[in-house]
Amino acid sequence: MEVWLGHRLHHPLRSIKEYYQQRAAVPGTLLITEATVISPRHGGYPNVPGIFTDGHVATWKEVTKAVHDKGSYISSSAVGSWSGVEIHGANGYLIDQFIQDIYNKLVQDIGQERTAIRLSPWSRYQDMPMEDPVSQFTGLLTTDIWVSYLMPTRVRAQKGHDVVIAFGRPFTGNPDLAFRVREEIPFAPYGPQAMYAQAAEGYTDYAYSKEFEATTTST
């Protein structure tokens, strides 16, 4: 029998609910969680939350409920009481390894309207230096790709095409990011040195803007 100790348990942080609840402050915000580990065998590195035990699932259910109660949405790489599910198909992980050379259409039972995929055509991370990704990914993007939206890791906007702009690291330091974008308020800086410290500092202690605070106190 295997015994998993410390980070191998992959327990989500106690503050994870508060973190996502803060960033759901603007109703209608779509939050996409960090990648989650689906089994102990697949947890190759520390400080990654899991979703393979009853305790993990219970914690994530609290997170999704807190986000939904704020009138926002949350998508994850795991199945649960989510608004949707995102397949991590970027940065040299399994799906990206298939897409880079051949297109292997995967059958999904979640449903097209609730499934998304993340792609990284120009990424060099994890030894994925494709010389000409345009032709390969163009064929992929013009195919009925069975998903509700695509989340590219780099956006190159073209006239006549709809573009979704997503925020990652800036959202960490700006829990009211959607409000700041709408009201053209500058982003507050975030502290990358504290991102993986496994503590509330640099995670849930970022302040809302004064303008956003004014809207909440007035209502």
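All values derive from a computational prediction rather than experimental measurement.

Q: Got a minute to help me understand the overall build of the protein in this structure?
A: Helix and strand content of the protein: 7 helices and 5 strands. Going residue by residue from the N terminus, the α and β elements of the protein occur as α-β-α-β-β-α-β-α-β-α-α-α. A total of 219 residues make up the protein; the buried ones form 37% of that total. Residue pairs in contact within the protein that sit at least 24 positions apart in sequence constitute 66% of those at least 6 positions apart. Roughly 13,500 Å² of accessible area belongs to the protein as shown, and the carbon and sulfur atoms make up 54% of that amount.

Q: Looking at this structure, I do not really get the packing of aromatic side chains. What am I missing?
A: Each aromatic ring pair is summarised here by two numbers: the centre-to-centre distance and the angle between the ring planes. Considering all chains together, one arrives at 6 aromatic pairs under this definition. Where tyrosine 19 meets tyrosine 20, the ring centres are 5.1 Å apart and the plane angle is 90°; that geometry is what we call edge-to-face. Tyrosine 20 sits in the buried class, given a relative accessible area of 5%. Judged by centre distance (5.1 Å) and plane angle (40°), the rings of tyrosine 208 and phenylalanine 212 are tilted. Since its relative accessible area comes to 25%, tyrosine 208 is described here as partly exposed. Exposure remark for phenylalanine 212: the relative accessible area of 7% places this residue in the buried category.

Q: Which parts of the structure should I look at to understand the pattern of salt bridges?
A: Any two side chains of opposite charge can pair, given that their charged atoms come close. The tally for this structure, following the rule as stated, stands at 3 salt bridges. The closest approach of N and O atoms between aspartate 69 and lysine 65, which form a salt bridge, is 2.9 Å. On the criterion of helical spacing, the pair formed by aspartate 69 and lysine 65 is a turn pair, its members being 4 residues apart in helix 2 (residues 54-69). Summarising the burial analysis for this pair, aspartate 69 and lysine 65 share the class exposed. In this structure, the salt-bridge partner of glutamate 183 is arginine 182, at a minimum N-O distance of 3.4 Å. With a relative accessible area of 55%, arginine 182 lands in the exposed category.

Q: I keep staring at the environment of serine 83 and nothing clicks. Help me out?
A: Residue position: serine 83 is located in the loop between strand 2 (73-76) and strand 3 (84-87). Looking at serine 83, the relative accessible area reads 29%, which means it is partly exposed. Spatially, the C-alpha atom of serine 83 lies 8.8 Å from that of leucine 30, the residues being 53 residues apart in sequence.

Q: Just checking my understanding: could you explain unusual backbone geometry for this structure?
A: The phi torsion of most residues other than glycine is negative, and most of the peptide bonds are trans. For glutamate 184, which is not glycine, the phi torsion reads 60° and is therefore positive. Looking at the secondary structure, you find glutamate 184 in the loop between helix 6 (177-183) and helix 7 (210-218). Judged by its relative accessible area of 71%, glutamate 184 is exposed.

Q: Explain the confidence of the model for the protein to me, please; I cannot follow it from the model alone.
A: If pLDDT is low for a region, its predicted coordinates should not be looked at in detail. Looking at the protein, pLDDT values average 75 and 69% of them are 70 or higher. Between residues 101-108, whose pLDDT stays under 50, and residues either more than four places distant or in other chains, the model counts 17 contacts.

Q: Quick question: what am I supposed to make of helix 2 here?
A: In an α-helix there are 3.6 residues to a turn, and that puts residues three or four apart on one side. For helix 2, spanning 16 residues, the distance from its first C-alpha to its last is 22 Å, which sits close to the expected 22 Å at 1.5 Å a residue. Three or more residues of helix 2 are buried, namely His56, Trp60, Val63, Thr64, Ala66 and Val67. Buried residues of helix 2 fall within an arc of 160° about the axis and therefore sit on the same side. The exposed set on the far side of helix 2, more than 90 degrees from its buried face, consists of Asp54, Lys65 and Asp69. Directly after helix 2, the chain includes glycine 71, whose backbone phi takes a positive value near 85°.

Q: Looking at this structure, I do not really get the nonpolar core. What am I missing?
A: Soluble globular proteins: nonpolar side chains tend toward being buried together. Grouped together as the largest cluster of nonpolar side chains are 13 residues, with contacts concentrated most on Ile16, Tyr20, Leu31, Trp60, Val63, Val67 and Ile74. Breaking this core down by element, the ones donating at least two residues are helix 1 (16-23) and helix 2. Within the second largest apolar cluster, 5 residues are counted, among which are Ala25, Val26, Ile185 and Phe212.

Q: Mind showing me how you'd approach a nonpolar patch on the surface here?
A: A cluster of nonpolar side chains, contributed by Ile165, Phe167, Val181 and Phe187, occupies part of the molecular surface with about 370 Å² of accessible area. Note on placement: phenylalanine 167 falls in the loop between strand 5 (149-152) and helix 5 (169-173). Residue class for phenylalanine 167 comes out partly exposed when judged on its relative accessible area of 36%.

Rules and cut-offs
Residues numbered from 1 in each chain as written. Predicted model: local features only at pLDDT ≥ 70, side-chain atom pairs only at ≥ 80, totals over all residues. Heavy atoms only, no water. Helix = DSSP H or I, 4+ residues; strand = E, 2+ residues; numbered from the N terminus. Buried < 20%, exposed > 50% of the residue type's maximum accessible area, 1.4 Å probe, protein only. Contact = heavy atoms within 4.5 Å. Areas by Shrake-Rupley, 256 points an atom, 1.4 Å probe, with all protein chains shown as cover. Phe/Tyr/Trp six-rings, centres within 6.5 Å; stacked < 30°, edge-to-face > 60°. Salt bridge = Lys/Arg side-chain N within 4 Å of Asp/Glu carboxyl O. pLDDT = per-residue confidence, 0-100. Expected span 1.5 Å × (residues − 1). Arc of directions from axis to C-beta. Core = buried A, V, L, I, M, F, W, Y, C linked by side-chain atoms within 4.5 Å. Patch = residues over 30% accessible without salt bridge, like charges linked within 9 Å, V, L, I, M, F, W, Y side chains within 5 Å.

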